[in-house]
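Coordinate analysis (summary)
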Amino acid sequence: MNIDGPESTQGAQAPEARRAHALRLGSWGVLGAASVITLLALLVVLGAFRNDQVIAENHGTATALVEQVMFDRTLIRYDTPDGVSHSPENGVLYPDGLTAGQLVRIEYDTTDPELAKVAGRTWLLTLLPVSTTLLFTWLVAGPLVWFLRSRLRTLSASSGPARTPETSVPRQG
């Protein structure tokens, strides 16, 4: 029984190969997650910009009553010149600083009164929270990917040079 044969070499290399594979997958996973967060953040900014454009194209103004302020939306109620009362299901855009019971001037899309924003506020208000989110995302992802890849390089260097067929198979002769 030869313990220096190919079977024992493969058994010793298997944990290192699995560890290298896990490190490689981990670094790609972190990069992928950070990239998805970046893409979503850019879509938020583009969506806000587009909403402002639509409201500007079909501009209407009104005074709205802030009915409820929740974590994810601020609900308002306002009347359009045709006498119809509207309460956008998704709330008002750019609601920062509003309180329940407050009267606020809004701008809305006359073709779709469900799309309303606080008057005078624009998509530029999304830049600070989005850029902060991206900064922290990459402040975590960058060093984490660097760490995982440095561990991978260390693992590759410690495994030594690849075995050649001459050294891995005993000579017969």
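Everything below is about the structure shown above.
These figures come from a predicted structure and were not determined experimentally.

**Things to note about the pairing of strand 2 (residues 74–79)**
In this sheet, strand 2 lies alongside strand 1 (residues 59–69) in antiparallel orientation, the contact comprising five bridges. If you follow Ala-64 over to strand 2, its bridge partner there is Tyr-78. Taking the residues that link successive antiparallel strands as the turn, the strand 1-strand 2 hairpin has four residues. Here strand 2 pairs with strand 3 (residues 85–86) via two bridges, running antiparallel. Across the sheet, Asp-79 pairs through a bridge with Ser-85, a residue of strand 3. The turn joining strand 2 and strand 3, which pair antiparallel and follow one another in sequence, is formed by five residues; a positive phi near 90° is taken by Gly-83.

**Remarks on the packing of aromatic side chains**
Aromatic rings considered in pairs are described by the distance between their centres and by the relative angle of their planes. This structure, assessed with the given rule, holds two aromatic pairs. Here Phe-49 and Trp-123 contribute two aromatic rings whose centre-to-centre distance is 5.3 Å and whose plane-to-plane angle is 90°, an arrangement assigned as edge-to-face. Of the two residues, Phe-49 sits in helix 1 (residues 6–57) while Trp-123 sits in the loop between strand 5 (112–118) and helix 2 (127–158), which places them 74 residues apart along the sequence. We classify Phe-49 as partly exposed; its relative accessible area is 33%. For the ring pair Tyr-78 and Tyr-108, a centre distance of 5.1 Å and an interplane angle of 40° mean the geometry is tilted. Note that Tyr-78 is positioned in strand 2 and Tyr-108 in strand 4 (residues 103–109), a separation of 30 residues in sequence. Tyr-108 matches Tyr-78 in its accessibility class, with the two residues each being buried. If you follow Arg-149 out to its NZ or CZ, it ends over the ring of Trp-28, 5.4 Å from the centre.

**Brief notes about the side chain of Thr-126**
In this structure, Thr-126 sits in the loop between strand 5 and helix 2. Its relative accessible area of 12% is what places Thr-126 among the buried residues. Discounting chain neighbours no more than four positions away, the residues touching Thr-126 are Val-45, Ala-48 and Tyr-94.

**Topic: the pairing of strand 4**
Among the seven residues that make up strand 4, five are buried, leaving the element largely enclosed by the rest of the structure. Across seven bridges, strand 1 lies against strand 4 in antiparallel orientation. Of the residues in strand 4, the one forming a bridge with Thr-63 is Arg-105. In this sheet, strand 5 lies alongside strand 4 in antiparallel orientation, the contact comprising four bridges. Considered in strand 5, the bridge of Glu-107 is made with Lys-117.

The rules behind each value
- Residues numbered from 1 in each chain as written.
- Predicted model: local features only at pLDDT ≥ 70, side-chain atom pairs only at ≥ 80, totals over all residues.
- Heavy atoms only, no water.
- Pairing = 2+ DSSP bridges.
- Helix = DSSP H or I, 4+ residues; strand = E, 2+ residues; numbered from the N terminus.
- Phe/Tyr/Trp six-rings, centres within 6.5 Å; stacked < 30°, edge-to-face > 60°.
- Buried < 20%, exposed > 50% of the residue type's maximum accessible area, 1.4 Å probe, protein only.
- Lys NZ or Arg CZ within 6 Å of the ring centre and 35° of its normal.
- Contact = heavy atoms within 4.5 Å.

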